[in-house]
Every structure is written in C-alpha cells, then in structure tokens.
Amino acid sequence: MSDPVKILIVDDDRDESESLADLLNKSGNDLVCTAVQPYGSVEVTAKLIREQLDTDAPRLLLLDYRLADHQMANGRVADFRGGTVASHVRDEDPDLPIVLLTSEEKLHQWVERRPGMRQHFDWTLLKSSVAAKDHGVRAHAYLVDFALTWQRARGWPDDEQETWRRLGELMSAPPEGLEQFVTLEPKPPRGDVAGEILHWLLKRAHRLRGPLIDDASARVMLGLTPESFEAPEVQQWLQPARYEGGLKAFGRRWWTHLVSDRLAEACGGARPIEASERVRHLAATLSIDLGVEMCAWCKGERTLHACLLCRRATDAAHCLTPLGEPLPAWADPQVVCYRCVAEGRAAQLHFPPSAQEIVDALIEDRIQPPRE
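This is a predicted model, so every value here is computed, not measured. (Residues numbered from 1 in each chain as written. Predicted model: local features only at pLDDT ≥ 70, side-chain atom pairs only at ≥ 80, totals over all residues. Heavy atoms only, no water.)

1. Digging into helix α16 (residues 353–363)
Phase 1 of the analysis: Buried residues of α16: Ala-355, Val-359, Ala-361 and Leu-362, and no others. When α16 is viewed along its axis, its buried side chains cluster within an angular range of 165° and face the same direction. For α16, the exposed residues lying more than 90 degrees away from the buried face are Pro-353 and Glu-357.
Phase 2 of the analysis: Along its buried surface, α16 packs onto β10 (319–320) and α15 (338–342). (Buried < 20%, exposed > 50% of the residue type's maximum accessible area, 1.4 Å probe, protein only. Helix = DSSP H or I, 4+ residues; strand = E, 2+ residues; numbered from the N terminus. Arc of directions from axis to C-beta. Contact = heavy atoms within 4.5 Å.)

Right, here's the structure in full:
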C-alpha cells in the first residue's frame with residue numbers, strides 16, 4: 001500500500017483549521033492532515049512548512065491567504081499574507097503543490113481570474129466545501145487526487161515526445177483520445193511541469209468539450225433523459241468510456257469517441273440522428289425501458305448539443321454560440337439554447353453580431369417556442 005497523502009493546513013484560526021483537519025482525517029485513511037498556525041515571521045513560517053512536508057510521499061499545502069485576523073502561535077498578529085509565505089516556500093521547494101484555502105468566495109474568484117497568482121497557488125479550495133454536510137468526503141477526494149496526480153507529474157523531462165507519452169499514461173487515454181489534443185499551454189512563470197500539467201487538466205482538458213465531455217454532453221449524445229442516463233445498466237454499459245485518469249475526482253468525464261463508438265455499435269453502424277432512434281437501439285441492447293430527451297425549445301429529436309446554462313438537450317437550429325476566449329483546436333464550441341436566451345439566463349453572455357438579431361427577437365418574445 002502506498003504512503004497516505006500528507007496535508008498541512010496553515011491558518012491563523014487554530015480552532016477552524018483543526019476542525020477542518022479533523023473532518024478530512026475522518027473521511028478516509030489515505031490522507032493524514034495536520035493543522036498549524038503561522039509563527040514569528042514569513043521565513044520562520046516557511047521553514048516550519050518545509051520541515052513538516054519534507055517527505056517523498058505525496059504532499060499538499062493548504063494555505064490561508066489572510067493571516068492577520070488572529071494571533072499567531074507566538075501570540076503576535078502576522079504582518080504578512082499567504083501569498084508571501086507561498087513565495088518563500090516556492091523558492092526552497094518548487095515541487096510542493098500549494099492550495100489557497102479561503103472562506104471568501106470573492107477571494108476565491110479573484111485568484112481564479114488572476115493568472116499571475118499561479119506563481120503562488122496551484123488551486124483554490126473554499127473552506128465551506130470541506131465543512132459541508134458530507135463531512136469533507138468530496139474535498140478529501142479532491143485533495144488526494146490532486147496530490148497523487150501532482151506526484152505523478154513531477155520531474156518530467158523537457159522533451160515533447162516523452163511528455164506526450166507520460167501525459168497519455170496520466171490521463172489513462174486510449175490511443176485515439178490523446179491525439180486530439182494540441183500542445184500544452186505556455187509554462188507558468190515558475191516553469192514547473194507539474195503545475196502546468198495540472199492547470200491544463202483542470203482548466204482546459206476537463207472543462208472544455210472535446211475529447212472529454214461531461215455528463216450532460218454524454219447524455220445528450222445518447223439521447224437520454226437524466227434519469228435514464230443514471231440507470232445502473234446504462235452506467236455499466238458506459239464504463240469502458242469513462243475517464244479514469246488524473247483529477248478524475250473533480251468531475252465525471254467520458255471519452256467522446258468511445259461513447260460514440262459504443263452507441264454506433266448498439267445501433268448496428270453509424271449513429272442515428274433522431275434521439276428516439278438512438279434510445280430505441282440502446283434500450284434494446286440493455287433490455288430496459290429508457291426515456292428520450294427532446295430539444296428544450298421545440299421538443300424535436302435532432303439533439304446533439306447540451307446547453308451551457310441549463311444542460312438540457314438542444315438541436316443545432318435552436319441554439320447560439322456565445323463569444324468567449326479563443327478555444328484550442330480540440331475544443332468544440334459551447335452553445336446556449338433558445339429557451340435560456342428567451343428567459344434571460346444568458347444576459348451576462350455576449351453573442352456575435354450575426355446572432356444578435358435572434359437574441360433580440362427571443363428577448364422581445366418575437367420568437368416563441370412551438371405550442372406543445
């Protein structure tokens with residue numbers, strides 16, 4: 001059995017950090033979590049962290065950003081913040097993954113929006129997600145997965161061919177899956193490969209539709225209602241297409257082409273277009289009753305897209321592609337269904353000029369869904 005993941009929480013609020021550590025420790029035996037307070041100065045606190053995490057086992061630092069709200073272990077109030085501590089730790093131990101632990105949603109969002117913060121923090125975790133009703137089980141899974149994936153990505157050579165070979169192993173990718181990805185993003189300022197790989201997995205490979213898709217996209221590809229998609233028989237049938245690589249705890253994902261291949265096999269060839277036909281073949285293959293999900297706008301069956309906002313099925317004729325950041329070559333554009341636009345859920349999104357006339361007509365009720 002491999003060594004448990006060693007996690008250190010550094011927070012000036014002793015009671016809260018010890019409570020979080022206790023919750024994480026009770027969630028499973030593959031993790032050992034310890035809570036400490038900052039002490040003395042930035043340098044002393046950074047040295048304490050390095051001593052606590054001086055191990056070859058998978059490890060992780062959870063670091064609070066605001067360290068001046070409570071007295072430190074020496075009785076004084078800190079005059080430094082978590083970013084400064086992280087910088088000192090990085091100088092001595094660049095291979096240590098550092099997670100920002102915060103109770104502030106705004107701070108969490110602020111760090112997520114600032115690429116420069118990747119110099120200090122590799123990920124952010126809200127304290128509320130650890131102290132939730134599930135007693136930290138989900139956060140426990142995230143942290144263990146993050147630390148283990150980081151451990152696997154440490155020390156990769158600066159060789160493109162070898163990097164792609166190892167990336168394939170890290171993602172447990174079938175031969176056809178990895179080939180669809182293009183080159184990795186530019187290296188972050190501190191230049192470590194592990195940080196680059198994990199950021200790319202979290203922000204790009206997992207989040208965007210492409211070789212990997214989320215539950216909603218896989219479900220719509222099959223033509224199923226949410227209830228039918230979660231049927232044990234369907235999940236077991238889909239298991240060969242399930243993503244089992246690094247950071248899999250962060251969300252269930254499926255290899256797109258493997259889902260498509262399994263559907264084509266069930267249908268006896270190329271995938272049918274109509275959702276009812278897809279579902280009919282799948283129901284016959286699994287010998288169960290399955291429900292068909294129709295287009296959220298017109299109740300038609302030519303559905304191959306999942307709406308970005310409501311995650312319901314939509315067809316190509318009744319959805320729009322919002323403007324966003326440039327997508328990598330392997331990513332499919334995200335779409336928003338007519339219903340979400342008409343009901344105002346897409347108000348914060350921007351659409352290209354070619355789609356604006358339709359957007360205005362939907363908002364002004366000049367385009368309405370067909371009568372059911």
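Next comes the rest of the write-up.
2. Side note on the environment of Ile-7
Phase 1 of the analysis: Within the secondary structure, Ile-7 is located in strand β1 (residues 5–10).
Phase 2 of the analysis: Overall, Ile-7 belongs to the buried group, its relative accessible area being 1%.
Phase 3 of the analysis: Setting aside anything within four residues of it in sequence, one finds Ile-7 in contact with Leu-31, Val-32, Cys-33, Thr-34, Leu-60, Leu-62 and Leu-143.

3. Considerations on the packing of aromatic side chains
Phase 1 of the analysis: One pass over the structure, following the stated rule, counts 13 aromatic pairs.
Phase 2 of the analysis: Note on Phe-229 and Trp-254: the rings are 6.0 Å apart at their centroids and 80° apart in plane angle, and the pair reads as edge-to-face. Residue Phe-229 is located in helix α11 (residues 226–229), and its partner Trp-254 is located in strand β7 (residues 254–255); the two are separated by 25 residues in the primary sequence.
Phase 3 of the analysis: Residue Phe-229 is classed as buried on the basis of its relative accessible area of 1%.
Phase 4 of the analysis: Judged by centre distance (5.5 Å) and plane angle (80°), the rings of Trp-297 and Tyr-338 are edge-to-face. Of this pair, Trp-297 sits in the loop between α14 (275–286) and β8 (303–306) while Tyr-338 sits in helix α15, and the two are 41 residues apart along the sequence. Assigned by exposure class, Trp-297 and Tyr-338 land together as buried.
Phase 5 of the analysis: An aromatic cluster is present here, built from Trp-123, Tyr-142, Phe-146, Trp-150 and Phe-250 joined pairwise through their rings. (Phe/Tyr/Trp six-rings, centres within 6.5 Å; stacked < 30°, edge-to-face > 60°.)

4. Notes on the sheet that holds β1
Phase 1 of the analysis: Taken in spatial order, the 5 strands make up an open sheet running β2-β1-β3-β4-β5, and their pairing is parallel. Here the strands that pair on one side only, and so sit at the sheet edges, are β2 (31–36) and β5 (123–126). Strand-to-strand twist across the sheet, computed as the mean angle between neighbouring axes with direction ignored, equals 25°.
Phase 2 of the analysis: Alignment of β1 against β2, held across 6 bridges, turns out to be parallel. Note on β2: the bridge partner recorded for Ile-7 is Cys-33.
Phase 3 of the analysis: Sheet strands in contact with helix α3 (residues 82–92) are β3 (59–64) and β4 (98–102), and its direction is about 150° off that of β3. (Pairing = 2+ DSSP bridges. Axes fitted to C-alpha atoms, helices over the stretch in contact; angles between N-to-C directions.)

5. Side note on α14
Phase 1 of the analysis: Taking 1.5 Å per residue as the helical rise, α14 with its 12 residues ought to reach 16 Å, and the 16 Å between its terminal C-alpha atoms agrees with that figure.
Phase 2 of the analysis: Residues of α14 that are buried: Ala-275, Arg-278, Val-279, Leu-282, Ala-283 and Leu-286. Summarising the axial view, the buried residues of α14 lie within an arc of 125°, below the 170-degree limit, and thus occupy one face. Away from its buried face by more than 90 degrees, α14 exposes Arg-280 and Ala-284. (Expected span 1.5 Å × (residues − 1).)

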